[in-house]
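Reading the structure
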Amino acid sequence: MKMEMKLNKPLANTYGWLHVNGTLVEAVVENTAALREELPAGVGVETKNESPCPALKTGAGTETAALLAGVEKHVYTVAAGQKIADPLRLTLDFSAPNTGAEFCFSLADDSELTVILDYTGGVDTAAVRTTAVLGKNARLRLAQVQRLNDGVTFISDLGGSVDDGGTLSLSRLVLGGEATYDGCSIALEGTGSACAIDAGYRLGGTQKLDMNYEAVHTGKKTNCEMRVAGVLADKSFKLLRGTIDLRRGCAGAVGNEVEDVLLMDETVRNQTIPVILCAEEDVVGNHGATIGRLDEQLIYYLESRGMERDAIYEMMARARVDAVTRRIPDPQMVQELLGEEGE
Amino acid sequence: MAEEKTFVEDVDRSRYDFRNDDGDSYKVDEGLTPAIVEQISREKNDPDWMRDFRLKSLDIFNRTDMPDWGPSIEGLNMENIVTYVRPHTKMSATWDEVPAEIKDTFERLGIPQAERESLAGVGAQYDSELVYHNVKAEVAAQGVIYTDLESALHGPKADMIREHFMHLVPPTDHKFAALHGAVWSGGSFVYVPPGVSVEIPLQSYFRLNSPGAGQFEHTLIIVDENAYLHFIEGCSAPKYNVANLHAGCVELYVGKNATLRYSTIENWSKNMYNLNTKRARVEEGGKVEWVSGSFGSHVSYLYPMSVLNGRGAKSEFTGVTFAGAGQNLDTGCKVVHNAPDTTSYVNTRSISKSGGISTFRSAVVVGPKAENSKSAVSCQSLMIDDISRSDTIPAMDIRTDKADIGHEARIGRISDDAVFYLMSRGISEEEARALIVSGFAENVSKELPLEYALEMNNLIRMEMKGAIG
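All figures in this text were calculated on a predicted structure; none of them were measured in a lab. (Residues numbered from 1 in each chain as written. Chains lettered and ligands numbered in written order. Predicted model: local features only at pLDDT ≥ 70, side-chain atom pairs only at ≥ 80, totals over all residues.)

Looking at the overall build of chain A
Each helix and strand counted, chain A has four helices and 21 strands in total. For 343 residues, the compact-globule estimate of 2.2 N^0.38 gives 20 Å, and the C-alpha radius of gyration of chain A, at 19 Å, lies within 12% of that figure. Across the 343 residues that make up chain A, the buried fraction comes to 52%. In chain A, the proportion of contacts linking residues at least 24 apart, taken out of those at least 6 apart, comes to 84%. (Helix = DSSP H or I, 4+ residues; strand = E, 2+ residues; numbered from the N terminus. Rg over C-alpha atoms; globule rule 2.2 N^0.38 Å. Buried ≥ 20, exposed ≤ 12 C-beta atoms within 10 Å, placed from the backbone. Contact = placed C-beta atoms within 7 Å.)

Overview of the packing of helix α2 (residues 48-63) of chain B against helix α8 (residues 175-183) of chain B
All names here are of chain B. Contact geometry for α2 and α8: axes closest at 7 Å, N-to-C directions at 150°. The orientation of α2 with respect to α8, classified from their angle, is roughly antiparallel. Pair α2 / α8 crosses with left-handed handedness. Seen from α2, the contacting residues are Phe53, Arg54, Ser57, Leu58, Ile60 and Phe61; seen from α8, they are Lys175, Ala178, Leu179, Gly181 and Ala182. (Axes fitted to C-alpha atoms, helices over the stretch in contact; angles between N-to-C directions. Parallel < 35°, antiparallel > 145°, perpendicular 65-115°, else oblique. Left-handed = near helix turned anticlockwise from the far one by under 90°.)

As for the nonpolar core
Ranked by size, the top nonpolar core spans 230 residues in total, and within it Leu140 of chain A together with Val190, Val223 and Leu260 of chain B carry the most contacts. Counting only domains with at least three residues in this core, you end up with domain 1 (9-302) and domain 2 (414-469) of chain B. With residues near it in sequence (within four places) discarded, leucine 140 of chain A still touches Phe105, Leu107, Leu113, Val115, Ala132, Leu134 and Leu168 of chain A. (Core = buried A, V, L, I, M, F, W, Y, C linked by C-beta atoms within 7 Å. Domains from an automatic or database assignment.)

As for the domain arrangement of chain B
You can read the domains of chain B as domain 1 (9-302) and domain 2 (414-469). One C-alpha centre belongs to domain 1 of chain B, the other to domain 2 of chain B, and the line joining them spans 31 Å.

Here we look at the pairing of strand β19 (residues 254-263) of chain A
All names here are of chain A. Taken together, the 10 bridges between strand β17 (residues 223-232) and β19 define a ladder with parallel strand orientation. Within β19, the position partnered with arginine 227 by the bridge is valine 258. Looking at chain direction, β19 and strand β21 (residues 284-292) are connected through nine bridges and run parallel. Bridge pairing in β21 links glutamate 257 to histidine 287. (Pairing = 2+ DSSP bridges.)

Focus on unusual backbone geometry
Residues and elements named next belong to chain A. With a phi angle near 60°, aspartate 110 is a residue other than glycine that sits in the positive phi range. Within the chain, lysine 221 stands out as a residue other than glycine whose phi angle is a positive 55°. Mapped onto the fold, lysine 221 is located in the loop between β16 (208-217) and β17.

Some details on the interface of chain B and chain A
The interface of chain B with chain A comprises 34 residues on the first partner and 38 residues on the second. For the side of chain B that touches chain A, the elements supplying multiple residues, two or more each, are β23 (357-366), β24 (373-383), β25 (389-393), β26 (396-398) and β27 (403-413) of chain B. Among the elements that take part in the side of chain B that touches chain A, β27 of chain B stands out by supplying 11 residues, more than any other. A breakdown of the residues in the side of chain B that touches chain A according to their chemical character gives 13 nonpolar, seven polar and 14 charged. In this sheet, β27 of chain B lies alongside β21 of chain A in antiparallel orientation, the contact comprising eight bridges. When the sheet's bridge partners are listed, histidine 287 of chain A is paired in β27 of chain B with alanine 409 of chain B. (Nonpolar A, V, L, I, M, F, W, Y, C, P; charged D, E, K, R; others polar.)

A look at helix α3 (residues 100-108) of chain B
Residue and element names in this part refer to chain B. Taken as a whole, α3 has its buried residues at Ile102, Lys103, Thr105 and Phe106. For α3, the arc enclosing every buried residue in end-on projection is 150°, short of the 170-degree limit, so these residues lie on one face. Turned more than 90 degrees from where α3 packs its buried face, Ala100 and Arg108 sit exposed. Where α3 is buried, its residues meet α4 (111-118), β4 (121-126), β5 (129-135) and β8 (202-207). Downstream of α3 by one or two residues, glycine 110 has phi in the positive range, about 80°. (Arc of directions from axis to C-beta.)

Regarding helix α9 (residues 416-424) of chain B
With respect to burial, α9 of chain B is a largely exposed element, only zero of its nine residues being buried. Backbone geometry just after α9 of chain B places glycine 426 of chain B at a positive phi near 95°.

Structural notes on the environment of alanine 339 of chain B
Residue and element names in this part refer to chain B. On the secondary structure map, alanine 339 appears in the loop between β21 (328-337) and β22 (343-352). Separated by 94 residues in the primary sequence, alanine 339 and leucine 245 have C-alpha atoms spaced 36 Å apart. When residues no more than four places from it in sequence are discounted, the contact partners of alanine 339 are Leu308, Asn309, Gly310, Arg311, Ala313, Lys369 and Ala370.

Right, here's the structure in full:
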């Protein structure tokens, strides 16, 4: 039986008539997704039936834990001081209907790990819940690439906490599926902890992308860079709630958020809610957004160089997504994605 | 070395915080019932349609939920609010006819002096009723109508009022719009005929004197084709220990190629719940300019909205909000682009100190018909100390590809380098900080007539007055 959830509830509500204070989603997960794992030496793995980090706040909300209650939970650990050079590759095949997976990455002090999560296939609903717990000076580079089949509803939820001097770098690409609900909440708890979120998407047809990204600064001198870029064509829809929450005590913190949306057709719809919450004096918070079509002067210049208008738009659309793709910390995946796009 | 900190005092509101005994006034009972609404309607000598409108609005109010976003309004209990208080006087056209105590109130607020020196007309409301209304003869001779709304309801423009009253802000808009529809009283009606430019501003001033009362004035302005008007709205109240409520409504109709500038210096007392609704509809080639300074109130929900309905219509919003101790001011604006080639420009500053909370909240909606529209939003927030709060919650909803939308926001504190530079020039730290904050709010002060800009800067200076400790 499908579960009714209100996902992606933002940290601060706004006008009710905009309908952005959370999204109602009905979904069910009955099976565990097939997992292909390339496990580098030095990474520990354990499978559990219970959620390893149930209390960690995630972006989509606590209901995803209940949705995925029946699937296996994979816990990957890196011991203190271990710096793993090769990426941990996890390829998920959602070919069975209504499948899900849950992962937890636990990095002890001074450790490093790169993780590539690749989502493929898909029937009806696919869902993934990911948590990351970083110790002092730990560094996790996590890339999530969503290239699911047409028609799939995808729920992706992430929660992370970062201790002193730790860094969590996220790359997220949304290239497939029909409706994607993408949540992400990072707690910057340790002094000098940092996160970088790079997200890219290219949507067409009637695709829908509903995002809720949060960086919660409680530690001193914490830093967040949130960069989202994408392209909307046909009748696609995108909603980004991006919140930088500078809480009392996070003196010296800096939070930056930038969004760039290219609109390709008159039937697209874009909603952007870039929020800064601030309860500390000695901080800096910035956000900027650019939404619309290409600059006419740029088009004029390129047309004068012999390019057709459609080709210019295609080139600039690719450039936005490619910029995010190139930040994925795995040359093999970057090459594969750039090659796919070029075909 | 211990870090130096600036202690910032609360504003000296003695100019505004004086009160008169309201024992002589006529009041309805506390609370909100059909009987009270009918009583107000009888007192106002409403036409039948207006009485029916009030009762329908009350029904909508009772069926509408409180907002589930924004500052808490739990301290506001409608059962304790007196929705209609009529001072013991009739409206006059000369200050000499206004009772001495009320006249003295407006003298202390500087209204008659401003009228003599820099205004084309003045309306002065005291609690629920206008007590004074006048417009200069040369302005009236141009066909400009500036009168209280109740008189207009029975005058030659009665049909025009009926055609426009609460059409921009229907009672279904939100709970306090419905409340306004049920119990509105007072306010002004302005009509500027086609081609007429009113060179000097008109002003309405709203004073709420009675404790535990609500003020629900309705301002309806119609600026016809190719006309120009600058309208100034001021408001204040003495502070009481009980909650007061302001749920006014402003509806502005800006005709083809017309321009309306609407300036507000809001300085309600810090027991006031300011749940005001302002909206403008702008036709082809027209322009609305909002200039807004929010300094008072305990809690504010204030988001003037521009609906750009005609090709090439424009909206500019310039605002400053200063939230001090005990204040939670949720302010901003909304713009709806409904036609091609429309533009909107939003430029705001907010300042938080002494535990005050300021929130900038906005919405820019660009509809499918608004091809070639442009919007730019810039909001900056200044945190004076680490016990205050400043939030920025903008929203953009874009439904066409042929639009250019830009948004930028910044939250920070007063730059130590800037303070150091000014101090190196012989200015005290306190003065330096006050100067920086005044400069920060210059976006609004430079848009106001000189007298009002000076008053606003004085307010900021008083807010920033303190000692280094």
